[in-house]
Amino acid sequence: MGDALRKTPLTAWHAAHGARMVPFAGFEMPVQYEHGIQEEVRVVRNECGLFDLCHMGRLVLRGGDHLAAADHVLSQNVAKIPEGAIRYSLICTPDGTVVDDVLVYRDAGSVHVVINASGRETDPAWFREHTRGRKVEIEDVSDRQTMLALQGPKSAGILGKLCDADLASLKYYRFTRGRLLKKHDALVSRTGYTGEDGFELFFAPDAAVAVWEALVAAGGKPIGLGARDVCRTEAGMPLYGHEINREITPLEADLRFGVDLGKEFVGAKALRTQDGKGVPRRLVGLNVEGKRVPREGCAVRSGGEDAGFVTSGTFSPTLDRPIAMALVKTALAKEGESLTVDLRGRDVAVKVEALPFYSRKRQKKTSGG
Amino acid sequence: MKRPDKARYSKTHEWAILEGDVLTLGVTDWAVEHLGDLVYVDLPDAGKELAPGETACEIESVKAVGEVYSPVKGKVTAVNAGLADDPAPLAGDPYGKGWLVKIKVSDASGFKGLLDRAAYEKHLETADAG
């Protein structure tokens, strides 16, 4: 790839509708629209936000050995995922650290993997390298699909206006198929990255603008990457490159639910060893005294001694206070533990707080997953 | 937004107005725009001694923090304390009600190195850099 930023089918639409565009993982993406991040977070928490996720990558695994191949690369037990269901999973190095975090869609005869934008070059190569000799085709369909999300309590009502799939009976972390605007075939999943109820849609690129504009007309509001990052931080969700990377394991990052230590996969042995010994550090939330915001990389200390570092920090409009996540020594990763964060040369008192900072009140119909 | 002619500007997007030996310091509309939603201004205590290039205060937005540098050597004599609780005037009126600190200047040489309005606006055009 050269230096030129890649565009999604919606880049021009964003720029023409008040978005501030920034480079992100090689793409020109909206960081916010004219009303700003705080208003966009409010929309996601109370109404319905629309996200252009075309920059994210999507792989499809097929062939006689595709399940075994997926199970060799992914930490989640793919063979046990029911058809039509979705699980969070990690791709690990042999050392047990994280190459990427992904969502795995178990389809009839294939497995779909949604990867981060930052993994679009590395992940397909990693899959191919680690499944060599197996009967599996690994197809990168990222440029042949539009990927959008609707997030927020009004998402089902808004999507229902232009999608003929049975959304009411679609459970959390399940997917189905339907048509958008009566003509565009789409895969629809009840997933997201904000802590709200919502959907992610996958369909042909040439329908991107028509569907997006129909969703806006139905009441969805465009949301940029800034508010997306705030929402996922409030919900205590990891972001690759921050809470997890090739130096951090999923056990340290509190992602045990995405790891099946009872099966073999790349990294399993190292993770079982770490699990036996106990993790040396753990991801925690920080409750901050005052209004200054701990930002990524700030040192965390306990009685003046090194205790760890901040992985993400933001002001939370929903909670009206600063929030941060940090990797700290396991002995200090106890709720209520008093620590300090070095905020640009001045120590600020913090207390360890359980994650997530925010969780929605779930309605019975959509619970599960 | 009208940028005042009597102010001088830095490439790091501070503005400064020198009246006698008192310098009023703020940040430009460009800085406010690029910080995004402001949530908090961390102001210094009156009496704090500042060296040229030292952080005079910090502006927190949802996603970022902006450090405001003093262009001069001097002592903080007043701060716009209301901004700590409500940064809205900074967003709406950065050259007026959104001023940040007043500094009694003991060495103004740093002020002389600042840009006039035209030069600052040229800087904004050539470098879309924050």
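Residues numbered from 1 in each chain as written. Chains lettered and ligands numbered in written order. Predicted model: local features only at pLDDT ≥ 70, side-chain atom pairs only at ≥ 80, totals over all residues. Heavy atoms only, no water.

(A) View of the overall build of chain B. The number of helices and strands found in chain B is 5 helices and 9 strands. Its C-alpha atoms give chain B a radius of gyration of 13 Å, near enough to 14 Å, the size a compact globule of 130 residues would have. In terms of principal-axis extent, the alpha carbons of chain B reach across some 35 × 35 × 20 Å. Within chain B, the proportion of its 130 residues that are buried is 48%. Counting contacts in chain B only where the partners sit at least 6 residues apart, residues at least 24 apart contribute 62% of the total. Total accessible area computed for chain B in this model is approximately 6000 Å², and 51% of it derives from carbon and sulfur atoms. Put simply, chain B has 15 plus and 22 minus side-chain charges, and the middle of one group is 7 Å from the middle of the other. (Helix = DSSP H or I, 4+ residues; strand = E, 2+ residues; numbered from the N terminus. Rg over C-alpha atoms; globule rule 2.2 N^0.38 Å. Buried < 20%, exposed > 50% of the residue type's maximum accessible area, 1.4 Å probe, protein only. Contact = heavy atoms within 4.5 Å. Areas by Shrake-Rupley, 256 points an atom, 1.4 Å probe, with all protein chains shown as cover. Lys, Arg positive; Asp, Glu negative; His and termini not counted. Charge placed at Lys NZ, Arg CZ, Asp CG, Glu CD.)

(B) Quick look at the interface of chain A and chain B. Contacts between chain A and chain B engage 18 residues on the former and 18 residues on the latter. Here chain A and chain B share an interface that buries about 1400 Å² over both sides, 45% of which is from carbon and sulfur atoms. Our enumeration of links across chain A and chain B arrives at 8 salt bridges. For Glu33(B), the salt bridge is made with Arg20(A), and the minimal N-O distance between the two is 3.4 Å. (Buried area = accessible area lost by both parts, 1.4 Å probe. Salt bridge = Lys/Arg side-chain N within 4 Å of Asp/Glu carboxyl O.)

(C) Structural context of the pairing of strand β15 (residues 299–302) of chain A. Residues and elements named next belong to chain A. The pairing of β15 with strand β16 (residues 305–316) spans 4 bridges and is classified as antiparallel. By the bridge assignment, arginine 301 is partnered in β16 with aspartate 306. With antiparallel pairing between neighbouring strands as the criterion, β15 and β16 make up a hairpin whose turn holds 2 residues, including glycine 303 at a positive phi of roughly 55 degrees. Bridge analysis of β15 against strand β18 (residues 338–343) gives 2 bridges, and the strand direction is antiparallel. Note on β18: the bridge partner recorded for arginine 301 is threonine 340. (Pairing = 2+ DSSP bridges.)

(D) Region of interest: the sheet that holds β15(A). All names here are of chain A. Pairing is antiparallel around the closed barrel formed by 6 strands, whose spatial order is β14-β17-β16-β15-β18-β19. Here the strands of the sheet are splayed against their neighbours by 40 degrees on average, with no regard to which way each runs. For strand β14 (residues 281–288) and strand β17 (residues 321–329), the ladder comprises 7 bridges, and the chain directions are antiparallel. Looking at the pairing, leucine 286 lines up with alanine 324 of β17. Against the sheet, helix α7 (residues 225–234) engages β16 and β17, with an angle of about 125 degrees to β16. (Axes fitted to C-alpha atoms, helices over the stretch in contact; angles between N-to-C directions.)

(E) Layout of the pattern of salt bridges. Residues and elements named next belong to chain B. Under the criterion given, the structure shown has 36 salt bridges over all chains. Here aspartate 29 makes a salt bridge to arginine 3, at a shortest N to O gap of 2.8 Å. Here arginine 3 lies in the segment before β1 (8–9) and aspartate 29 lies in helix α1 (residues 29–35), a separation of 26 residues in the sequence. For arginine 3, a relative accessible area of 14% corresponds to the buried category. Here aspartate 21 ties to lysine 104 by a salt bridge, and the two come within 2.8 Å at their closest N and O atoms.

(F) Spotlight on the packing of helix α2 (residues 37–46) of chain A against α7(A). Residues and elements named next belong to chain A. Running from N to C, α2 and α7 cross one another at 55 degrees; their axes reach a closest spacing of 9 Å. Judged on the interaxial angle alone, α7 and α2 are oblique. Crossing handedness for the pair α2 and α7: right-handed. Two secondary-structure elements touch here, α2 through Ile37, Glu40, Val41, Val44 and Arg45 and α7 through Gly226, Ala227, Val230, Cys231 and Glu234. Looking at the contact of α2 with α7, its residues break down into 6 nonpolar, 1 polar and 3 charged. (Parallel < 35°, antiparallel > 145°, perpendicular 65-115°, else oblique. Left-handed = near helix turned anticlockwise from the far one by under 90°. Nonpolar A, V, L, I, M, F, W, Y, C, P; charged D, E, K, R; others polar.)

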